[in-house]
2 protein chains.
Amino acid sequence: MNRLNSKVLEEIVHKNADNTSRIVEQTHGYVVSENNGALVATSFDNTTAQAIVKHVHDNFLKMAQSAIRDLDPTDKLCFMRVATRKFEFLVAPDDPFTITVLL
Amino acid sequence: MNRLNSKVLEEIVHKNADNTSRIVEQTHGYVVSENNGALVATSFDNTTAQAIVKHVHDNFLKMAQSAIRDLDPTDKLCFMRVATRKFEFLVAPDDPFTITVLL
């Protein structure tokens, strides 16, 4: 992760420490990755976090973003809620990070 | 569309006529497609409906379903809300139909 991004992340994590601990208490966990796919922060074990980054952030989110752009090039994906039988994935793509929280 | 599916659809549309008109009044519209990609019912023009079936039902939804299965083969995607700058896509995959409502 480049130095600017890590500085940006440190500030965000520091500023949002209360939110982060509230999220961790009330959810299954969270994953933050850089938009190049590098895992940056998580409350999960590494294997689970890497799998979420790979399958949700890299594959599925990228396809979702391009599907929305294909439908309307002036539109942009802002947030996704994906309900499955077992969990609910809240996916917030942003720049330079994407965060997924699992309810 | 095979005869069984069209009978199933007719019954569903008939039974839900009130819901359908309420949906049409309060949303941008809806698209129903068979899971083989055939457009079955819509309140949009044909071009818009076909684009939603292609980009949302075929590409993006299929990738989402496989991403969820890759994460946990015993899990299953039930519902998606995708918020973009302009719209919100409510996507309900089922068998034999998938419906998307646009808010």
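Remember, predicted model here, so these are calculated numbers, not experimental data.

### Some thoughts on the overall build of chain A
Moving on, step 1. Each helix and strand counted, chain A has three helices and five strands in total.
Moving on, step 2. Along chain A, helices and strands appear, N-terminal first, in the series α-α-β-β-α-β-β-β.
Moving on, step 3. What you see for chain A is a C-alpha radius of gyration of 14 Å, in line with the 13 Å of a compact globule of 103 residues.
Moving on, step 4. Principal-axis analysis of the C-alpha atoms places the extent of chain A at approximately 40 × 35 × 25 Å.
Moving on, step 5. Accessible area for chain A stands at about 5800 Å²; split by element, carbon and sulfur atoms hold 52% of it.
Moving on, step 6. Here chain A contributes 11 positively and 13 negatively charged side chains, and the mean placements of these two sets differ by 3 Å.

### A closer look at the interface of chain B and chain A
Moving on, step 1. Counting residues at the interface gives 28 residues for chain B, matched by 28 residues for chain A.
Moving on, step 2. Both sides of the chain B and chain A interface together cover about 2500 Å² of buried area, and 67% of this is carbon and sulfur.
Moving on, step 3. On the chain B side of the contact with chain A, F60, L71 and R85 of chain B bury the most area, a combined 22% of that side's loss.
Moving on, step 4. Run the count over chain B and chain A and you get two salt bridges.
Moving on, step 5. A salt bridge links K86 of chain B to D72 of chain A; its shortest N-O distance comes to 2.7 Å.
Moving on, step 6. Where chain B touches chain A, the interface holds 19 residue pairs in polar contact (both at pLDDT 80 or more).
Moving on, step 7. Those elements that place two or more of their residues in the side of chain B that touches chain A are α3 (46–71) and β3 (77–84) of chain B.
Moving on, step 8. For the side of chain B that touches chain A, the element with the highest residue contribution is α3 of chain B, accounting for twelve residues.

### Points about the pattern of salt bridges
All names here are of chain A.
Moving on, step 1. Going through the model one piece at a time under the given rule, you end up with six salt bridges over all chains.
Moving on, step 2. Here R81 makes a salt bridge to E88, at a shortest N to O gap of 2.8 Å.
Moving on, step 3. According to the relative accessible area criterion, E88 is partly exposed, its value standing at 23%.

What counts and how
Residues numbered from 1 in each chain as written. Chains lettered and ligands numbered in written order. Predicted model: local features only at pLDDT ≥ 70, side-chain atom pairs only at ≥ 80, totals over all residues. Heavy atoms only, no water. Helix = DSSP H or I, 4+ residues; strand = E, 2+ residues; numbered from the N terminus. Rg over C-alpha atoms; globule rule 2.2 N^0.38 Å. Areas by Shrake-Rupley, 256 points an atom, 1.4 Å probe, with all protein chains shown as cover. Lys, Arg positive; Asp, Glu negative; His and termini not counted. Charge placed at Lys NZ, Arg CZ, Asp CG, Glu CD. Contact = heavy atoms within 4.5 Å. Buried area = accessible area lost by both parts, 1.4 Å probe. Salt bridge = Lys/Arg side-chain N within 4 Å of Asp/Glu carboxyl O. Polar contact = N/O pair within 3.5 Å; in protein donor to acceptor, adjacent residues only side chain to side chain. Buried < 20%, exposed > 50% of the residue type's maximum accessible area, 1.4 Å probe, protein only.

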